[in-house]
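# Summary of structural features
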Amino acid sequence: MRKLILSLTTLFFFLCSCTEDIDTSARYVFTEYTVAGYLDAHGDYSQYVELTKQVPVSGRSASSVYQLLTARGNYTCFALTNDAINAYLQDLVEEGLISEPSWDAFTDDRKLDSVRKVVVLNTVIDGGDMESERYTTALITAFGSGNNNAEFPLPNIYDHKLTASQSKNDTIYIDKDCAIDPVNCDIPLTNGVLHQTHKVIAPKDESCARYIQNILDEQREGYLMFAKALQACGLLDTLSKIRDEAYENLYQQAGEELDMKNYMDKSGNDMTSIAGDPHAYAPEHRKYGFTLFCETDDFWQSQGIDPKAADAVEKLQAWIVTNRMYLSDGGYMDNTDYRSPKNMLHQWVVYHILPMKIAANKLVYHCNELGYSISSPSRYTLPVMEWYPVYGGGRLLKIYESAESNGIYLNSFPERNNGIGDDGHEGYCAPDKRGVLIETNSEKTVLTDIVNACIYPISSPLGYNDVTRENMGKERIRFDLFSMFPEAITNGIRRADSSQGRWQHVFVSLYNRYQYFDNMFILNDETHFIHYNGYRAAWANYCQDEDKAFGHFDIMFRLPPVPVRNTYEFRYKLLATAARGIVQVYFGTDPDRLPVAGIPINMTWNVEMFFGEGATWSDLQDTGKEDDEIIDIDHKLRNHGLMKATKHETELNSNTARSKNNCSRHIIVRQTLDPNQTYYVRFKSVQPDLTRPELYLDYFEYCPKEIYDSPERPEDIW
């Protein structure tokens, strides 16, 4: 957690020291209350106040949470009443942890310290320097976008992401069942905002493996059938992974290397900083995560399978075979070797798992698609979607939501109004192509008690069979660069809804000793990589964010698989500025010997400069032209290996990327790609001067021949 009173240099010094004290001289000296002052003035919080004085802010801190709440800052405090704490102690009695509902009843000091930390550290969110990140009930309702189980943008000081939901009577609940008092809430204080709560926020924070094992041990209904399938396939060890301790130790030891106050100097001409913070920050942790989409036991009962039966797993595999929930040419085996990747049950189970933890309000990203406004977050416009490789790779899972879909779906393939003069919305979806609804608001949704996973119930069975593959193969697949990194999603780096500097600029450090992103390879010491979050930025980027490499860069990425063997175009989107450099792109299957893909791209050039022939943007843009003329211009651009950008994303709902002459898509290769092959793309600077030109990265596309070369209609502009 960033200590607000310390300078950045002092902060990282303390990462390697034993104690860390908050400078209480920096407190506000006003007649109004601080959070701590307000708590002191109200006896109903007396137990909570005492606990905040006993609990340190972190393992590296000698300062208490109480001291923190006296200091300058922007804190959101979910203050616990004495009754709430007494009820929690009674719960511990019923669990057998203590003999009577009293803090004096603890006989083990370590357990006492652990319980105190759970009670206190989960109640405070540090909003840093941003007064806008004091979470009032209005803000909590807004980021939930009308959906239950929405995750808070920032973690609490226990490094736990709380969730919020709203009942029909508008009561807001934290982590499902901890209600915010409707009267004693939104109390404005000099250093934050306070909400009274009547129940302790105490997530279990157990691993997914332990959660599943408890279901098995207790024969608990809900996900018992899926739990048995996970166990049979030998996946519990995988689901026990919480964080990479090697990175944890390296981060703690790095010290001065992580003080990146001058790192942004390497960014050449672009010193963009939405929050006015010229620093870049390294991720503090490298956590592992998983997202599970599960059929419930109620569904299996409806299919004649009793999850408690001794032969339930065998019957499940028989159901998979009967319902053809597999690829006919996959060579899968109908046997009892469930741990084998070639076993039908194993293949079916892993298709339900993504290797990243995705919050309910981050399954898809609504941010700058045409017509969408962040001030009306639940009013959707254009369809938004993500394609993620499932656990083990090899197959894609599509996540989709639109204004018309009434929910978030897996593998939905609707028709869209995507002609040049159309609005880009979903037009019609055949019932057999609607897909599988993710029930994010269900009571069976598990988001807070599992530290390394989310579990979502689904409305109908999920499988990857010939029909799904055929539908997937007819899609143009566009993927944001950071969607390729499960680590970015699990660790809250991608699309962090915060204006704090540490979330706006994230750099990958220590790459010569540690590879943070499994799918990114920095190939020389002169490459400096920074992720620009772009939250509330007026950038015509897909999902607003962008990524850059500075210096004499040489960087490579492992790409997601294609769904079917076919001829595809692989494309790269560019937003040209004077700060960019000249890049040679390489593409292929052998990461050690990738072939050159086309001629170098000058990333300072706009569309008309690439086109040449004396053209102006007025000649090439859509404005003032008939549909046939627009189609003809697009065809001429393609002859130059070039496309305009899309009409999907905007500069905060003003100009679309397609209307900007510095936004373009480059056709890197046009060739046969195979789903059984792994492909890589490499970007290498071919500019010898030392002015630190940058590489721009936003998104890539796979586009099948049936779309880009359709004899019936041209590829859409969305």
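What you are looking at is a predicted structure, and each value in this text was computed from that prediction instead of being measured.

Rules and cut-offs
- Residue numbering note: each chain is counted from 1, following its sequence as written.
- Local features in this predicted model are restricted to residues of pLDDT 70 or higher, and side-chain atom pairs are both shown and tallied only at a pLDDT of 80 or more, whereas totals for entire chains, interfaces and linings draw on every residue.
- Working from all heavy atoms in the structure, the side-chain values ignore hydrogens and water.
- Helix numbers and strand numbers start at the N terminus; a helix is a DSSP run of H or I with at least 4 residues, a strand a run of E with at least 2.
- Think of it in three bands: with a 1.4 Å probe and only protein chains considered, a residue is buried below 20% of the maximum accessible area for its type, exposed above 50%, and partly exposed in between.
- Note on areas: Shrake-Rupley with a 1.4 Å probe; residue coverage comes only from the protein chains shown.
- In this tally, Asp and Glu contribute negative charge and Lys and Arg positive charge; neither His nor the terminal groups of the chain are included.
- A charge is said to be at NZ when it belongs to Lys, at CZ for Arg, at CG for Asp and at CD for Glu.
- Note on pairing: two strands pair once DSSP finds at least 2 bridges between them.
- On a scale of 0 to 100, pLDDT captures the predictor's confidence in every residue.
- Here, residues are in contact when the closest pair of their heavy atoms is within 4.5 Å.
- Grouping buried Ala, Val, Leu, Ile, Met, Phe, Trp, Tyr and Cys residues that are joined through side-chain atoms within 4.5 Å yields what is termed a nonpolar core.
- Only the stretch in contact is used when fitting a helix axis, every axis being a line fitted to C-alpha atoms; angles between N-to-C directions are given from 0 to 180 degrees.
- To estimate how far a helix should reach, multiply one less than its number of residues by 1.5 Å.
- The directions considered for the arc are those from the helix axis to the C-beta atoms.
- Definition used for salt bridges: Asp or Glu carboxyl oxygen within 4 Å of a side-chain nitrogen of Lys or Arg.
- Side-chain atoms alone can form a polar contact between residues adjacent in sequence; in general such a contact is a pair of N or O atoms within 3.5 Å, and within protein one must be able to donate a hydrogen while the other accepts it.

## Side note on the overall build of the chain
Within the chain one finds 20 helices and 31 strands. Counting only C-alpha atoms, the chain reaches 80 × 65 × 50 Å along its principal axes. When burial is assessed residue by residue, the chain has 60% of its 718 residues classed as buried. Summed over its atoms, the accessible surface of the chain is roughly 28600 Å², and 47% of this surface lies on carbon and sulfur atoms. A gap of 3 Å separates the mean positions of the 69 positive and 102 negative side-chain charges of the chain.

## A word on the sheet that holds strand β13 (residues 409-410)
With respect to topology, four strands assemble into an open sheet ordered β11-β12-β13-β16, the strand pairing being antiparallel. The open sheet has two edge strands, β11 (384-389) and β16 (436-437), and neither has a second partner. As defined by bridge partners, strand β12 (residues 396-401) adjoins β13 across two bridges and the pair is classed as antiparallel. Bridge pairing in β13 places Y400 opposite Y409.

## So, the confidence of the model for the chain
Looking at the chain, pLDDT values average 91 and 91% of them are 70 or higher. Confidence over residues 1-31 falls short of pLDDT 50; this stretch has 76 contacts with residues more than four positions distant or in other chains.

## Brief notes about the nonpolar core
Ranked by size, the top nonpolar core spans 149 residues in total, and within it Y572, F683 and F700 carry the most contacts. In this structure, Y572 is in contact with I601, M603, S664, R665, H666, I668, F683, L695, Y696, L697, Y699 and F700, ignoring residues within four places of it in sequence. With 40 residues, the next largest nonpolar core counts A36, V49, L69 and C77 among its residues.

## So, the sheet that holds strand β21 (residues 528-532)
Whether parallel or antiparallel, the strands of a sheet pair through hydrogen bonds between backbone atoms. If you walk across this open sheet you meet the four strands as β19-β21-β22-β30, and the pairing is antiparallel. Of all strands in the sheet, those with a lone pairing partner are β19 (505-507) and β30 (695-697), marking the two edges. Averaged over all neighbouring strand pairs, the angle between strand axes comes to 25°, with direction disregarded. Inspection of the sheet shows strand β22 (residues 546-550) paired to β30 by three bridges, in the antiparallel sense.

## Focus: the pairing of strand β4 (residues 163-166)
Pairing of strand β3 (residues 150-151) with β4 involves two bridges; the strand directions are antiparallel. Each bridged residue has a counterpart across the sheet, and for E151 the counterpart in β4 is T163. The pairing of β4 with strand β5 (residues 172-174) spans three bridges and is antiparallel. Paired with S165 across the strands is Y173, a residue of β5. Where β4 hands over to β5, the hairpin turn is made up of five residues, of which D170 adopts a positive phi near 75°.

## Digging into helix α5 (residues 82-94)
A rise of 1.5 Å per residue sets the reference length of α5, with its 13 residues, at 18 Å; its end C-alpha atoms lie 19 Å apart and thus fit the reference within 8%. Here α5 has its buried residues at N82, A84, I85, Y88, L89 and L92. When α5 is viewed along its axis, its buried side chains cluster within an angular range of 165° and face the same direction. Those residues of α5 that are exposed and angled more than 90 degrees off the buried face are D83 and E94. Within two residues after α5, G96 carries a phi angle of roughly 85°, on the positive side.

## Focus on helix α3 (residues 46-54)
Those residues of α3 that fall on the buried side of the exposure criterion are Y48, V49, L51 and T52. Down the axis of α3, the sector holding all buried residues measures 165°, keeping them to one side. On its buried side, α3 packs onto α2 (35-40), α4 (65-68), β1 (75-80), α5, α6 (109-121) and β2 (124-126).

## A short note on the pattern of salt bridges
Following the criterion strictly, the structure yields 45 salt bridges and no others. Put simply, E245 and R243 hold a salt bridge, and the shortest N to O gap is 2.9 Å. Assessed through its relative accessible area of 40%, E245 is described here as partly exposed. Put simply, R665 and E701 hold a salt bridge, and the shortest N to O gap is 3.2 Å. Of this pair, R665 sits in strand β28 (residues 663-673) while E701 sits in strand β31 (residues 699-704), and the two are 36 residues apart along the sequence. Across this residue pair, the class does not change: R665 and E701 are buried.

## So, the side chain of N533
Positionally, N533 belongs in the loop between β21 and β22. Exposure remark for N533: the relative accessible area of 0% places this residue in the buried category. Looking at N533, its side chain comes within polar contact range of the main-chain oxygen of A496, at 2.6 Å. If near-sequence neighbours (up to four positions away) are discounted, N533 is found in contact with I493, R495, A496, S498, W503, Q504, Q544 and D545.

## Brief notes about the side chain of T137
Within the fold, T137 resides in helix α7 (residues 137-144). You can call T137 buried: its relative accessible area is 17%. Within polar-contact distance, the side chain of T137 engages the side chain of D186 at 2.5 Å.

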